[in-house]
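Working through the structure, step by step
Each chain is listed here by its residues.
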Amino acid sequence: MPEYERMLAANEEWARDFQGGLPVAPARKVAVVACMDSRMPLFPLLGLAVGDAHVIRNAGGVVTEDTIRSLTISQHVLGTREIVLVHHTDCGLQKTDDASFADLVEQATGARPPWPARTFTDADEDVRESIRLLRESPYLVSKDICGTVYDVETGRLHRVDPDAGA
Ligand SMILES: [Zn+2]
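Conventions and cut-offs
- Residues numbered from 1 in each chain as written.
- Predicted model: local features only at pLDDT ≥ 70, side-chain atom pairs only at ≥ 80, totals over all residues.
- Heavy atoms only, no water.
- Helix = DSSP H or I, 4+ residues; strand = E, 2+ residues; numbered from the N terminus.
- Buried < 20%, exposed > 50% of the residue type's maximum accessible area, 1.4 Å probe, protein only.
- Contact = heavy atoms within 4.5 Å.
- Donors = N, O, S within 2.8 Å, 3.2 Å for Na, K, Ca; no water.
- Polar contact = N/O pair within 3.5 Å; in protein donor to acceptor, adjacent residues only side chain to side chain.
- UniProt positions renumbered as here; feature names shortened; annotations may be inferred.
- Phe/Tyr/Trp six-rings, centres within 6.5 Å; stacked < 30°, edge-to-face > 60°.

**Re the environment of Asp124**
Secondary-structure assignment places Asp124 in helix 5 (residues 123–136). Accessibility expressed as a relative area gives 21% for Asp124, which makes it partly exposed. Sequence separation between Asp124 and Leu134 is 10 residues, and the spatial gap between their C-alpha atoms is 15 Å. Beyond its immediate stretch of four places on either side in the chain, Asp124 contacts Val149, His158 and Val160.

As structure tokens, then:
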């Protein structure tokens, strides 16, 4: 059975006792930027309920132009004021580097991506880089940012000191 069929069946179950009616603005006025990693169920691991937070995910949980776009909408249109970054241990982006990744794609498809994969070696350092990029953005009204790294072996988050090593 294709995965999508299992997912559509699961949704039937989900919708059976569904309570709608939540406002579009997140109740806890927070936006989470996180890696797409399949081992991070962000709502339970951060104690969030449906309707509490925006969750913006991409490979690595890195701050890209599109991350800024989403955060700007989150803050200006939907009222969020805090940003929580969640990187993690054993990330897929630590398994390659930008040049090797571009080579891999080019060899397989003939097309070399014009965008960097944004690989990194040190998750804490990449969280600090993300915080720096957010602080530099002229579009955000709130720069109340907490950067974290999730340990996929223990389930624990640790907070990254944004100014360590600076
Ligand atoms: Zn990851």
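**So, the coordination of the zinc ion**
Surrounding the zinc ion are the protein donor atoms Cys35 (SG), His88 (NE2) and Cys91 (SG), at 2.0 to 2.2 Å. All donor residues of the zinc ion come from one chain, and their arrangement in sequence is C-x52-H-x2-C. With Cys35 in strand 1 (residues 30–35) and Cys91 in the loop between strand 3 (82–88) and helix 4 (98–109), this pair connects stretches of sequence that are 56 residues apart. Since its relative accessible area comes to 4%, Cys35 is described here as buried. When its relative accessible area of 2% is taken as the criterion, Cys91 is described as buried.

**Details of the side chain of Ser142**
With respect to the helices and strands, Ser142 occurs in the loop between helix 5 and strand 4 (144–150). Take Ser142: its relative accessible area is 10%, and that puts it in the buried class. One polar contact links the side chain of Ser142 to the main-chain amide nitrogen of Asp144, over a distance of 3.4 Å. Residues contacting Ser142, with those up to four places away along its chain left out, are Gln75, Arg81 and Ile83.

**Comments concerning the UniProt feature "binding site: Zn(2+)" (unreviewed entry) in the protein chain**
UniProt marks Cys35, Asp37, His88 and Cys91 with the feature "binding site: Zn(2+)" (unreviewed entry), using the numbering shown here. Across 57 residues in sequence, these annotated residues keep their C-alpha atoms within 8.4 Å of one another, forming a single compact spot. The residues touching Cys35, leaving out its near neighbours within four places in the chain, are Met40, Arg57, Asn58, Ala59, Gly60, Gly61, Val86, His88 and Cys91. Setting aside residues up to four positions removed in sequence, Cys91 forms contacts with Cys35, Gly60 and Phe120.

**Remarks on the packing of aromatic side chains**
A full pass over the atoms with the stated rule returns two aromatic pairs. Seen in terms of ring centroids, Trp14 and Phe18 are 5.8 Å apart; in terms of plane orientation they differ by 50 degrees. Their pairing is tilted. Among the residues examined, Trp14 registers a relative accessible area of 53% and is labelled exposed. An angle of 40 degrees between the planes, with centres 6.2 Å apart, marks the rings of Phe101 and Trp115 as tilted.

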